[in-house]
Amino acid sequence: QVQLVESGGGLVQAGGSLRLSCAASGSTGSISAMGWYRQAPGKQRELVASITGANSTNYADSVKGRFTISRDSTKNALYLQMNSLKSEDTAVYFCHTRLFVRYAWNNYWGQGTQVTVST
């Protein structure tokens, strides 16, 4: 089992920055890849950025060049630095990971943190 807790969301003006954090606890030694997803009202949850156990990163086209995902394995933490924020970045942001347990992948999600970008 893994527990994920996000923090760092809030209200920011367009063009501003925020840094999201995700603290992992539980079976953290089994964690490899992690990611950030977001869900805007009336829309499906979408992948924003992901990072592998080898620190290879991947970004949605909409955030490339503006967002940076990183991790600190010594602190069991995941981060998302968000710069040049736009109104369309407004959403609830979720931390995610998955573990292969008993021959199946198990997905783990945080409770989410709200990011609101005002114009």
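Placed above this text is the structure.
What you see is a predicted model, and the numbers here were worked out from it, not measured in a lab.

### Quick notes on the environment of Leu47
Thought 1: Inspection of the secondary structure puts Leu47 in strand E5 (residues 46-51).
Thought 2: Note on Leu47: relative accessible area 32%, which makes it partly exposed.
Thought 3: Separated by 49 residues in sequence, Leu47 and His96 place their C-alpha atoms 9.7 Å apart.

### Observations regarding the packing of aromatic side chains
Thought 1: One pass over the structure, following the stated rule, counts 3 aromatic pairs.
Thought 2: Judged by centre distance (4.9 Å) and plane angle (70°), the ring pair of Tyr37 and Trp109 falls under edge-to-face. Of the two residues, Tyr37 is situated in strand E4 (residues 34-39) and Trp109 in strand E10 (residues 104-109); the sequence distance between them amounts to 72 residues.
Thought 3: For Tyr37, a relative accessible area of 22% gives the class partly exposed.
Thought 4: Between Arg45 and the ring centre of Trp109, over which it is positioned, the NZ or CZ distance is 4.6 Å.

### What about the state of the cysteines?
Thought 1: The tally for this structure, following the rule as stated, stands at 1 disulfide.
Thought 2: Disulfide partner of Cys22: Cys95, at an S-S distance of 2.1 Å. Between Cys22 and Cys95 the sulfur-sulfur dihedral comes to about -80°; the bridge is accordingly left-handed. Placement of the pair is Cys22 in strand E3 (residues 18-26) and Cys95 in strand E9 (residues 91-101), with a sequence separation of 73 residues.

### Some thoughts on the pairing of E9
Thought 1: The pairing of E4 with E9 spans 6 bridges and is antiparallel. Bridged to Trp36 within E9 is Cys95.
Thought 2: Pairing of E9 with strand E11 (residues 113-118), which is carried by 3 bridges, proceeds in the antiparallel orientation. Opposite Tyr93, over in E11, you have Thr113 as the bridge partner.

### A look at the sheet that holds strand E1 (residues 2-7)
Thought 1: Spatial strand order, E1-E3-E8-E7: 4 strands in an open sheet with antiparallel pairing. Each edge of the open sheet is held by one strand with a lone partner, namely E1 and strand E7 (67-72). Neighbour-to-neighbour, the strand axes of the sheet open up by a mean angle of 15°, direction not taken into account.
Thought 2: Of the pairings in the sheet, the one linking E7 to strand E8 (residues 77-82) comprises 6 bridges and is antiparallel in character. Note that in E8 the partner of Phe67 across the bridge is Met82.

### Observations regarding a nonpolar patch on the surface
Thought 1: Taken together, the side chains of Phe100, Tyr103 and Trp105 present a nonpolar region at the surface, about 460 Å² in accessible area.
Thought 2: On the secondary structure map, Phe100 appears in strand E9.

### Quick notes on the side chain of Asp89
Thought 1: Mapped onto the fold, Asp89 is located in the loop between E8 and E9.
Thought 2: Classification of Asp89 by relative accessible area gives buried; the value is 1%.
Thought 3: Looking at Asp89, its side chain comes within polar contact range of the side chain of Arg38, at 2.9 Å.

Cut-off values and rules
- Residues numbered from 1 in each chain as written.
- Predicted model: local features only at pLDDT ≥ 70, side-chain atom pairs only at ≥ 80, totals over all residues.
- Heavy atoms only, no water.
- Helix = DSSP H or I, 4+ residues; strand = E, 2+ residues; numbered from the N terminus.
- Buried < 20%, exposed > 50% of the residue type's maximum accessible area, 1.4 Å probe, protein only.
- Phe/Tyr/Trp six-rings, centres within 6.5 Å; stacked < 30°, edge-to-face > 60°.
- Lys NZ or Arg CZ within 6 Å of the ring centre and 35° of its normal.
- Disulfide = S-S within 2.5 Å.
- Pairing = 2+ DSSP bridges.
- Axes fitted to C-alpha atoms, helices over the stretch in contact; angles between N-to-C directions.
- Patch = residues over 30% accessible without salt bridge, like charges linked within 9 Å, V, L, I, M, F, W, Y side chains within 5 Å.
- Areas by Shrake-Rupley, 256 points an atom, 1.4 Å probe, with all protein chains shown as cover.
- Salt bridge = Lys/Arg side-chain N within 4 Å of Asp/Glu carboxyl O.
- Polar contact = N/O pair within 3.5 Å; in protein donor to acceptor, adjacent residues only side chain to side chain.

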